[in-house]
Every structure is written in C-alpha cells, then in structure tokens.
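Inside the fold
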Amino acid sequence: MSDVSVIGLGAMGSALAEAFLKSGLSVTVWNRSPEKAEALVAQGAVAAPSARHAVEASKLVVACLLVYDTVYEALEPAKASLAGRALVNLTNGTPAQAREMAQWVA
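This report concerns the structure included in the present document. The model shown is predicted, which means the values in this text are computed figures rather than measured ones. (Residues numbered from 1 in each chain as written. Predicted model: local features only at pLDDT ≥ 70, side-chain atom pairs only at ≥ 80, totals over all residues. Heavy atoms only, no water.)

1. Points about the nonpolar core
The tendency in soluble globular proteins is for nonpolar side chains to be buried side by side. Rules: Nonpolar core, defined: a set of buried Ala, Val, Leu, Ile, Met, Phe, Trp, Tyr and Cys residues in which side-chain atoms within 4.5 Å join the residues together. Whether a residue is buried, partly exposed or exposed follows from its accessible area with a 1.4 Å probe, protein chains only, as a fraction of its type maximum: under 20%, in between, or over 50%, in that order. Each helix is a run of DSSP H or I of at least 4 residues and each strand a run of E of at least 2, with the numbering of both proceeding from the N terminus. Any two residues whose heavy atoms approach within 4.5 Å at even a single point are treated as in contact.
Ranked by internal contacts, the top residues of the largest apolar core, which has 16 residues, are Ile7, Trp30, Val55 and Leu75. The set of elements that each furnish at least two residues to this core consists of α3 (51–57), α4 (68–75) and α5 (95–105). In terms of residue count, the dominant contributor to this core is α4 (four residues). Non-local contacts of Trp30, meaning those with residues more than four positions away in its chain, are made with Val6, Ile7, Gly8, Leu9, Ala48, Pro49, Ser50, Ala51, Ala54 and Ala74. Judged by nonpolar contacts, the second largest core, of 12 residues, contains Val4, Val6, Ala17 and Val62.

2. With respect to helix α1 (residues 11–22)
Rules: Expected helix span is taken as 1.5 Å per residue step, with the number of steps being one fewer than the number of residues. Note: the arc covers the axis-to-C-beta directions of the helix.
For α1, which comprises 12 residues, the first-to-last C-alpha distance of 16 Å matches the rise-based estimate of 16 Å (1.5 Å per residue) to within 8%. Listed as buried for α1 are Gly13, Ser14, Ala17, Phe20 and Leu21. Looking straight down α1, one finds that the buried residues subtend no more than 125 degrees of arc, so they occupy a single side. Turned more than 90 degrees away from the buried face of α1 sit Ala11 and Lys22, all of them exposed. Against the buried residues of α1 lie β1 (4–7), β2 (27–30), α2 (38–42) and β4 (60–63). Phi turns positive, to about 95 degrees, at Gly24, one or two residues after α1.

3. Focus: a nonpolar patch on the surface
Put simply, the rule is: Residues with no salt bridge and a relative accessible area higher than 30% make up the patches, which join like charges within 9 Å and nonpolar side chains (Val, Leu, Ile, Met, Phe, Trp, Tyr) within 5 Å. All accessibility values rest on the Shrake-Rupley procedure with a 1.4 Å probe; residue burial counts only the protein chains present in the view. In the sections that follow, a salt bridge refers to a side-chain nitrogen of Lys or Arg positioned within 4 Å of a carboxyl oxygen of Asp or Glu.
Together, Met12, Leu60, Val88 and Leu90 make up a nonpolar patch on the protein surface, roughly 290 Å² of accessible area in all. Along the chain, the position of Leu90 falls in the loop between β5 (86–89) and α5. Exposure remark for Leu90: the relative accessible area of 34% places this residue in the partly exposed category.

Here's what the structure looks like:
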C-alpha cells in the first residue's frame, strides 16, 4: 500500500506527487493520459491502471483535477472504495460544490 495516491497529473498534481516522492513517501499516481505518469514513475512512483486502483492503493487520496465534473467522472468507478479513506480534493470550484462533493463522498 502506498502512503498517498495522486489523481490528476497536471502541473499541480505532478508537482505534489514529486514533492511526496522527494519527502520519502511511497506514491501511486493516475492520470487519464497515462504518459503523464512516466516521469514520476522514473522517480519511483507507481502508475495505477485506473482511478479505482489509485484510490485502493492508499488511505490518503489527493484529487488534483481542474473541475468538479472531472472529479466525479474519475472517481465514480471508485466510489465504493473511498470508504475509510481521506480524500483531499484540490479542485477549482465554489464552496457549494465542495459541500456537495463531501456529501457524495460520504
């Protein structure tokens, strides 16, 4: 099991995953475009074949996707696996969207 999983490997997600790796944590990563994980895998991250696998790999999941619709799309197949895990959602949105996501995850 990894210490942390990062879902979404744009500029911020990649930077976070790299910082986690540099701090000595084991990191699982996933992105819709798998090639975005290659540089992180070269640094020691594990590439998950799906968002569900990334969620199941760690008790701490960091979602770093641009908009809430993308978060729902990525995490819907993993919804049952979110139980007992901490989800840190760094998505751009409104407080109302954050509350709705919290209810959806719960």
